[in-house]
Amino acid sequence: MPQPVWQWKSHFRRNSFGWKSQPAIMRIKEAVSEIKKVAKKDPLLGAEGAVLFLERVAPAIEHVDSSSGSIGTAVNGAIRALVPLIAAAPADFKTRQGWLERLWQTRQNDDMPYLELLDERWGELCASPELANQWAEQLLEVVAYAWRPDREIGEIIRGTVACLSALLTARRYDEILAWLRRAPFVMWHWHVWGVRALAAQGKTDEALQFALGALNRNDSPASAACECESILLAAGRVDEAYRDHALVANRVGTNLGTYRAIAKKYPNIAPAKILGDLIASTPGDEGKWFATAKELGLWDVATALAQTSPCDPKTLTRAARDFATDQPAFAVQAGLASLDWLAQGYGYDITSEDVWAAHQATLQAAEAMGDVAAVKARMRQVVANGGPANFVAKVLGRVLAS
């Protein structure tokens, strides 16, 4: 197999990165991009490059600061991008077996471990039931040893998840369930394969029931929700997937991101319905959905949230400023709500500049509405409700009195 001159290769030598994670993350992204570009023209060469990268990445980042989790996230992202390239490559049996042996040895030497996600994708990497069957047979000895009755507590033995993954690809569904009955304890990392084995046989309801008992107290409910949602969507049971699992399964780092993730999967559900359900799912934090309602153009919903549940005053001020011309009625309400929450003591690192910004944005919107006098009267009432000693009254007292 002819080898391309990989530009990324020179950056990935053992201990080639220092303590800082950002340079390593940047190089990982560059490497993945280069490999994907080659794979589009030559899938076999791209897959070989992917295997080579996965062999080199863990030793190269051995001393990188991993405390924030960002480097681990970058490696997981690379694995998710590269595994499909390896799996889809038109490799013969001998070549693919060679790749798997190289990756398995790399995985065994991965002390951090950065490449743990490979175990979950092992069956996919096998790419055929025949090769998956061979690996399952090889790894069943590992499972039997790891789950032996006299095992040592805390003993770490790699291969259990890879074996379950291979068994799934080999379509040995009953064996997966039989082995899970021998597991020393319940753990989603293992028992999800039982859920998948049942789902692969079309036993949707049994898979869902199995998932309910597959979590221990340390497992995230989101893991089971994601799996169950996928099963139901694949079975065409969209309404049930949304009702029972969507709000938990699609939580991401931001509220707007969560909304978008759900809306993308459920295009037939009205935006107001999705947002309303999300708001109801976070009692006490309803105001945190203000920005999402604003982005969706649900002005009445956003206004109600701003007025009834604590919102970040700075977020409200920005909304008042940004929509002062296009949506002045909404902007006025956002600005007044900002002043109201400021007067009640809400907000972080608030200065007089923040108060003036809310005041000016609200007045600008009031001018666009042609209702400055009424808005000024409302401002005075909002500030007065916060009490004479509040910070907003001290900053705006003279202006509002005139």
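Everything quoted here is computed from the prediction, not taken from an experiment. (Residues numbered from 1 in each chain as written. Predicted model: local features only at pLDDT ≥ 70, side-chain atom pairs only at ≥ 80, totals over all residues. Heavy atoms only, no water.)

### Considerations on the overall build of the chain
Part 1: The secondary structure content of the chain amounts to 22 helices and 0 strands.
Part 2: What you see for the chain is a C-alpha radius of gyration of 28 Å, clearly larger than the 21 Å of a compact globule of 402 residues, by over 25%.
Part 3: With the C-alpha coordinates aligned to their principal axes, the bounding extent of the chain is approximately 85 × 50 × 45 Å.
Part 4: Taken across its 402 residues, the chain has 45% of its residues classed as buried.
Part 5: In the chain, 65% of the contacts between residues at least 6 apart in sequence involve partners at least 24 apart.
Part 6: In the structure as shown, the chain presents an accessible area of about 20,400 Å², 52% of it carried by carbon and sulfur atoms.
Part 7: For the chain, the distance from the average position of its 44 positive side-chain charges to the average position of its 45 negative side-chain charges is 4 Å. (Helix = DSSP H or I, 4+ residues; strand = E, 2+ residues; numbered from the N terminus. Rg over C-alpha atoms; globule rule 2.2 N^0.38 Å. Buried < 20%, exposed > 50% of the residue type's maximum accessible area, 1.4 Å probe, protein only. Contact = heavy atoms within 4.5 Å. Areas by Shrake-Rupley, 256 points an atom, 1.4 Å probe, with all protein chains shown as cover. Lys, Arg positive; Asp, Glu negative; His and termini not counted. Charge placed at Lys NZ, Arg CZ, Asp CG, Glu CD.)

### Side note on the nonpolar core
Part 1: By size, the foremost hydrophobic cluster in this structure holds 107 residues, and its most contacted members are Phe12, Ile28, Phe53, Ile61, Trp122, Trp135 and Phe290.
Part 2: Residue contributions to this core peak at 9 residues, all from helix H2 (residues 43-60). (Core = buried A, V, L, I, M, F, W, Y, C linked by side-chain atoms within 4.5 Å.)

### Points about helix H21 (residues 372-385)
Part 1: The first and last C-alpha atoms of H21 sit 20 Å apart over 14 residues, in line with the 20 Å expected at 1.5 Å per residue.
Part 2: Those residues of H21 lying buried are Val375, Met379, Val382 and Val383. End-on, the buried residues of H21 take up no more than an arc of 95 degrees, which puts them together on one face. Across from the buried face of H21, at angles greater than 90 degrees, the exposed residues are Ala373, Ala384 and Asn385.
Part 3: Just downstream of H21 lies Gly387, where phi reads positive at about 95 degrees. (Expected span 1.5 Å × (residues − 1). Arc of directions from axis to C-beta.)

### Here we look at the side chain of Thr204
Part 1: Assignment of secondary structure puts Thr204 in helix H11 (residues 204-212).
Part 2: Residues within four places of Thr204 in sequence aside, it is in contact with Ile231, Leu232, Ala235 and Arg237.

### Description of helix H18 (residues 313-322)
Part 1: Every buried residue of H18 is accounted for by Pro313, Thr315, Leu316, Thr317, Ala319 and Ala320.
Part 2: Looking at the buried side of H18, the elements it contacts are helix H16 (290-295), helix H17 (299-308), helix H19 (328-343) and helix H20 (352-369).

### Section: the state of the cysteines
Part 1: The tally for this structure, following the rule as stated, stands at 0 disulfides.
Part 2: Between Cys163, a cysteine without a disulfide, and Cys126, which holds the nearest cysteine sulfur, the sulfur-to-sulfur distance is 10 Å. (Disulfide = S-S within 2.5 Å.)

### What about the packing of aromatic side chains?
Part 1: Within this structure, the stated rule accounts for 16 aromatic pairs.
Part 2: Plain terms: the ring middles of Trp299 and Phe330 are 4.8 Å apart, the flat faces sit at 50 degrees to each other, and that makes the pair tilted. In this pair, Trp299 sits in helix H17 while Phe330 sits in helix H19, placing the two residues 31 residues apart along the sequence.
Part 3: Owing to a relative accessible area of 23%, Trp299 belongs among the partly exposed residues under this scheme.
Part 4: In this structure an aromatic cluster arises from ring pairing among Trp6, Trp8, Phe12, Phe17 and Phe53.
Part 5: The side chain of Arg148 reaches across the aromatic face of Tyr145, ending 4.0 Å from its centre.
Part 6: The residue whose ring lies beneath Arg196 is Trp193, and the NZ or CZ to ring-centre distance is 4.6 Å. (Phe/Tyr/Trp six-rings, centres within 6.5 Å; stacked < 30°, edge-to-face > 60°. Lys NZ or Arg CZ within 6 Å of the ring centre and 35° of its normal.)

### Comments concerning the pattern of salt bridges
Close approach of charged atoms lets side chains of opposite charge pair.
Part 1: Per the counting criterion, the structure on display carries 19 salt bridges.
Part 2: Put simply, Arg121 and Glu124 hold a salt bridge, and the shortest N to O gap is 2.7 Å.
Part 3: Residue Arg121 is classed as buried on the basis of its relative accessible area of 19%.
Part 4: The salt bridge partner of Asp322 is Arg321, with a shortest N-O separation of 3.0 Å.
Part 5: Members of the salt-bridge network, linked through shared partners, are Glu48, Glu55 and Arg102. (Salt bridge = Lys/Arg side-chain N within 4 Å of Asp/Glu carboxyl O.)

### A word on the environment of Pro90
Part 1: Looking at the element boundaries, Pro90 is found in the loop between helix H3 (70-88) and helix H4 (93-108).
Part 2: Residue Pro90 is classed as exposed on the basis of its relative accessible area of 59%.
Part 3: Taking the C-alpha atoms as reference points, Pro90 and Gly159, separated by 69 residues in sequence, lie 26 Å from one another.
Part 4: Ignoring any residue separated from it by four or fewer positions in sequence, one finds Pro90 in contact with Pro43 and Leu44.

### Thoughts on the environment of Ala280
Part 1: The residue Ala280 is located in helix H15 (residues 271-280) in this model.
Part 2: With relative accessibility at 59%, the residue Ala280 sits in the exposed group.
Part 3: Spatially, the C-alpha atom of Ala280 lies 23 Å from that of Ala319, the residues being 39 residues apart in sequence.

### Quick look at the environment of Ser128
Part 1: Mapped onto the fold, Ser128 is located in the loop between helix H6 (122-126) and helix H7 (129-146).
Part 2: Residues Ser128 and Thr169, 41 residues apart in the sequence, show an inter-C-alpha distance of 7.1 Å.
Part 3: Among the polar contacts listed, one links the side chain of Ser128 to the backbone nitrogen of Leu131, at a separation of 3.2 Å. (Polar contact = N/O pair within 3.5 Å; in protein donor to acceptor, adjacent residues only side chain to side chain.)

### Side note on the confidence of the model for the chain
Part 1: For the chain, the mean per-residue pLDDT works out to 93, and 97% of the residues sit at or above 70.
Part 2: Per-element confidence in the chain ranges from a low mean pLDDT of 81 for helix H22 (residues 391-401) to a high of 98 for H6. (pLDDT = per-residue confidence, 0-100.)

### Points about the packing of helix H10 (residues 188-200) against helix H12 (residues 221-234)
Part 1: For the pair H10 and H12, interaxial distance at closest approach is 11 Å and the crossing angle is 10 degrees. The angle between the axes of H10 and H12 places the two elements in the roughly parallel class. Between H10, through Trp188, Val192, Val195, Arg196 and Ala199, and H12, the contact on the second element is made entirely by Ser223, Ala224, Glu227 and Ile231.
Part 2: Looking at the contact of H10 with H12, its residues break down into 6 nonpolar, 1 polar and 2 charged. (Axes fitted to C-alpha atoms, helices over the stretch in contact; angles between N-to-C directions. Parallel < 35°, antiparallel > 145°, perpendicular 65-115°, else oblique. Nonpolar A, V, L, I, M, F, W, Y, C, P; charged D, E, K, R; others polar.)

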